[in-house]
Amino acid sequence: MSELVTLKKVEEHVAVITLNRPTVRNAMSTALLDELNSVVSSINRDPSIYCVILTGSGEKAFCAGADLKERRKMTDVQVISAVRYIGETIMRVENLRIPVIAALNGVAYGGGLELALACDIRILADTAKLGLTETSLAIIPGAGGTQRLPRLIGLGQAKRLIYTAKPVDAAEALAIGLVEQVARPEELMDRTLELASIIATNGPIALGQAKMAINKGIETDLGTGLAIEHMAYQATIPTSDRREGLIAFSEKRKPVYNGK
């Protein structure tokens, strides 16, 4: 039996997570979520990974959302529990200590888009579409979509996407800020890896503190956010990485950071 989620180091400090159920458009079954949680735990235990890419196998889908075939067999109580598990898993991806880039190789609908929204940066194949389609099934996004989407693209656009349940193409996704970059399918992973490699040259402690300051600060008023930023900045001061950065600058060379 093949792994439902794979983790592969592609560079010294960059790894790729791949959802691996291409025959069902990488739908999130309970077993896939179990494996994704295990992979997230392994990344958190590996200090040598400074940036991670999340993508789907095949060419059709990043993730089509929940496994509806599995869900049809569930009771109402089981469905509620299953949706909560998807949300908890997505939160764990969001809370990874390092930057996460979604390489959206194909469609991302429902929970699949909710997973992408939890990533720090999204790069989309120009042939793919994205959408929170739940209201067409008489439900609502239940794994963070109603909360993360408005924070990313604004209240009105988020309501339009959720109320209509209509997917948007790559051009519109880029125009409304749903994704940060668009690439041809054959160039998607190269473009994503290029970005991840640039990120991974920077100080890993600084990256983690910047991520925390941004994610926590955006949820607060400006004064509180500035206090969070100051605490995050302070955490970088006693590190050997900071000293290495200053020495490398004075010696006109690239710094070599070790996350300490």
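From a predicted model like this one, the values you see are computed outputs, not experimental measurements.

1. So, the sheet that holds strand 7 (residues 121–125)
As summarised here, the arrangement of the six strands in space is 1-2-3-5-7-10, forming an open sheet in which the pairing is mixed. Edge positions in the sheet fall to strand 1 (5–11) and strand 10 (181–183), since each of these pairs with one other strand and no more. Taken pair by pair, the neighbouring strands of this sheet meet at an average axis angle of 25°, ignoring direction. As judged from the six bridges shared by strand 1 and strand 2 (residues 14–19), these two strands associate in the antiparallel manner. From the neighbouring strand, valine 5 faces strand 2, where its bridge partner is leucine 19. Against the sheet, helix 1 (residues 30–44) engages strand 1, strand 2 and strand 3 (51–56), with an angle of about 30° to strand 1.

2. Quick notes on the nonpolar core
Formed by 65 residues in total, the largest nonpolar core has its most connected members in Leu54, Leu104, Leu130, Leu149 and Leu178. Of the residues forming this core, the biggest block, six residues, is contributed by helix 1.

3. Things to note about the pattern of salt bridges
Counted by the stated rule, this structure contains 11 salt bridges. Across the pair aspartate 120 and lysine 211 runs a salt bridge, and its minimum N-O distance is 3.1 Å. With aspartate 120 in the loop between helix 4 (111–117) and strand 7 and lysine 211 in helix 9 (residues 204–217), the pair connects residues that are 91 residues apart, well separated along the chain. Residue classification places lysine 211 among the buried positions, given a relative accessible area of 8%. A salt bridge links arginine 151 to glutamate 219, with the shortest nitrogen-to-oxygen separation between them at 3.1 Å. One end of the pair, arginine 151, is in helix 5 (residues 145–153); the other, glutamate 219, is in the loop between helix 9 and helix 10 (222–236), and 68 residues separate them in sequence. Residue classification places arginine 151 among the exposed residues on the basis of a relative accessible area of 51%. For glutamate 219, a relative accessible area of 47% corresponds to the partly exposed category.

4. Side note on a nonpolar patch on the surface
Nonpolar side chains collect at one region of the surface, where Leu68, Leu137 and Ile139 lie side by side and expose about 270 Å² of accessible area between them. For leucine 137, the position within the fold is in the loop between strand 8 (129–131) and helix 5. Note on leucine 137: relative accessible area 52%, which makes it exposed.

Parameters and conventions
- Residue indices follow the written sequence of each chain, beginning from 1 at its first position.
- With pLDDT at 70 or above as the cut-off, local features in this predicted model cover only qualifying residues; side-chain atom pairs require 80 or more to be listed or tallied, and sums for whole chains, interfaces and linings still use all residues.
- Side-chain calculation: all heavy atoms of the structure are included, whereas hydrogens and water are not.
- For two strands to be treated as a pair, DSSP must find no fewer than two bridges joining them.
- Only DSSP runs of H or I with at least four residues qualify as helices, and only runs of E with at least two residues qualify as strands; both kinds are numbered from the N terminus onward.
- Convention adopted: a line fitted to C-alpha atoms gives each axis, helices being fitted over their contacting stretch, and angles between N-to-C directions are expressed from 0 to 180 degrees.
- Working rule for contacts: check all heavy atoms of both residues, and any pair within 4.5 Å makes them a contact.
- Note on terminology: a nonpolar core comprises buried Ala, Val, Leu, Ile, Met, Phe, Trp, Tyr and Cys residues joined through side-chain atoms within 4.5 Å.
- Only protein chains enter the calculation, and the probe is 1.4 Å; a residue is then buried if its accessible area is under 20% of its type maximum, exposed if over 50%, and partly exposed in between.
- By salt bridge we mean one thing: a side-chain nitrogen of Lys or Arg within 4 Å of a carboxyl oxygen of Asp or Glu.
- Each patch is assembled from residues with relative accessible area greater than 30% and no salt bridge, linking like charges that lie within 9 Å and nonpolar side chains (Val, Leu, Ile, Met, Phe, Trp, Tyr) that lie within 5 Å.
- Exposure was quantified through the Shrake-Rupley algorithm and a 1.4 Å probe, taking into account, for residues, occlusion by the shown protein chains and nothing else.

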